[in-house]
Amino acid sequence: MKILFFLLLVSFHALADYPSARLNQNVCEEIAGQRYRLIPKGEWFCGAVDGQAYGRTVGKRDFYHGVGHWSQVRTEFHWEDSVSINFRSIIYSATSSSGYAASNEAYHLGTFKFTYPEKLLGAFVSIRIVDLDRQTVGEGLFIETRESNGGLMLWDWDQVQFRWLQESTGFLVGDDDVSNPELNFWNRRLGVGALWFYKELAFQDKRKPYFYLYSSIPYENWNFSAEAGTRNKTAAYMAKVSHDLTAGGFSLQSILQGRYYQNGFAQGFAGQIENQYVSYDQYNKYYTNSINVFSRDDQVMVSSLALNLRYEFSHAHRLGLLNEVGMFDYNGIEDDRFYFGRFEYNHYPFPLREDYFSFFVTNKLLRDSYNAPPYYESSSSTPLFRTYVYAGIEGNFQF
């Protein structure tokens, strides 16, 4: 703890972070200013490759061990501002120990978006189908950053937005369908919505719906958010404060939050969570995600602090310290106290590019990674991560 406290004092502006997914939409807009990208662009097409080659000292505790790579190839085809088609292909070799001929796997995700060229009833209307990237309902009290398939319709006025999400992967369990209408005002300063589930349980009883009210208020470098919801005649609450600070080469991002779930709130889900998708791009999710909370029980008080510090000595040399600490205070079963951290040095060898090498030490490890896509799904009701201290190197490249 003394070493950790010292690192917090001397610590650590960089893009480096845990491995994460790239959006399967708006690719051309995202890379518009990145002139170092090598794939030729056109009026109706663009592409980008983002990958990581790594070596990690985890043995066989993780599917992604030893030497391997995990790469994302994204393409976008668009016609004017009305139609866009995006594809994201994941190509990976999880580990060299799998053998020369069986080391590479791939899976592909597609999304289609149509924006009506004129206003309808005074609003801009868009529809997106199939791959919806990660979705959060409200401020994330019940559903947070979950990979989703289905359809999403948006009606966007200047100060009001209505969205309807029809989700087909179940969010918390498999073979479930979810409907989520949501209305928010003044850029999400106030919102209200509901979730309906369609999977039938014993005696033909459907899962109970969820109704919620939320608010997200930005102020300078601060953001104050809260959500309250009810389900199965019980309630849940969340309050969150986040802050971004940048001074010279130093940056700090912090998130302090508390949650409370009453007994029976997650009935039909608690102890039955199916992570489904477990892959190398999950590491940047916070442990306070409800999939981790509900994997054991639902009568719980959650408190956590995320503190991410970075320092940029120059373009070439950067340090980072990522921290998340907290507790799931269950009523009736053993508490879950957690700390996840990553200390990293990042070297950017090319003056005009954002490729870099990351040398790191961390204790954050996927728990069920051997259920690897596209052939296997994780169906065990366990938290997404566990703790194990290991070191590694990542070569992050962009084309």
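Conventions used here
Residues numbered from 1 in each chain as written. Predicted model: local features only at pLDDT ≥ 70, side-chain atom pairs only at ≥ 80, totals over all residues. Heavy atoms only, no water. Phe/Tyr/Trp six-rings, centres within 6.5 Å; stacked < 30°, edge-to-face > 60°. Helix = DSSP H or I, 4+ residues; strand = E, 2+ residues; numbered from the N terminus. Buried < 20%, exposed > 50% of the residue type's maximum accessible area, 1.4 Å probe, protein only. Lys NZ or Arg CZ within 6 Å of the ring centre and 35° of its normal. Salt bridge = Lys/Arg side-chain N within 4 Å of Asp/Glu carboxyl O. pLDDT = per-residue confidence, 0-100. Contact = heavy atoms within 4.5 Å. Pairing = 2+ DSSP bridges.

## With respect to the packing of aromatic side chains
The full count for this structure, using the stated rule, is 46 aromatic pairs. Ring centres of Phe45 and Phe77 lie 5.2 Å apart, and the angle between their planes is 45°; this geometry places the pair in the tilted category. Of this pair, Phe45 sits in strand 1 (residues 45-56) while Phe77 is found in strand 2 (residues 66-79), placing the two residues 32 residues apart along the sequence. Judged by its relative accessible area of 32%, Phe77 falls in the partly exposed class. Between the aromatic rings of Tyr388 and Tyr390, the centroid separation amounts to 6.5 Å while the plane-to-plane angle is 15°, which identifies the pairing as stacked. The exposure class of Tyr388 is partly exposed, given its relative accessible area of 24%. Against the face of Tyr54 rests Arg56, its NZ or CZ located 5.9 Å from the ring centre.

## Notes on the pattern of salt bridges
Scanning the model with the defined rule gives 18 salt bridges in all. Across the salt bridge formed by Arg342 and Glu394, the nearest N and O atoms sit 3.1 Å from each other. Here Arg342, found in strand 16 (residues 336-347), pairs with Glu394, found in strand 18 (residues 385-398); they are 52 residues apart in sequence, far enough to count as distant. You'll find Arg342 and Glu394 in the same group, each marked buried.

## Structural notes on the confidence of the model for the protein chain
Across the protein chain, the average pLDDT comes to 91, with 94% of residues at or above 70. Scored below 50 in pLDDT, residues 1-16 makes 39 contacts in the model with residues more than four places away or belonging to other chains.

## Observations regarding the environment of Phe45
Distance in space between the C-alpha atoms of Phe45 and Trp79 is 9.1 Å, their sequence separation being 34 residues. Excluding residues within four positions of it along the chain, Phe45 makes contact with Cys28, Ile39, Pro40, Thr75, Glu76, Phe77 and His78.

## Comments concerning the pairing of strand 15 (residues 317-330)
Most of strand 15 is tucked away, with eleven of its 14 residues classed as buried. Where strand 14 (residues 300-312) lies against strand 15, 13 bridges are found, and the strand directions are antiparallel. In the sheet register, Leu309 faces strand 15, and the bridge partner there is Leu321. From the end of strand 14 to the start of strand 15, which pair antiparallel, there are four residues. Bridge analysis of strand 15 against strand 16 gives twelve bridges, and the strand direction is antiparallel. Bridging from a neighbouring strand, Met327 pairs with Arg337 of strand 16. Following strand 15, the chain reverses through five residues before pairing antiparallel with strand 16; Gly332 in that reversal takes a positive phi of roughly 115°.

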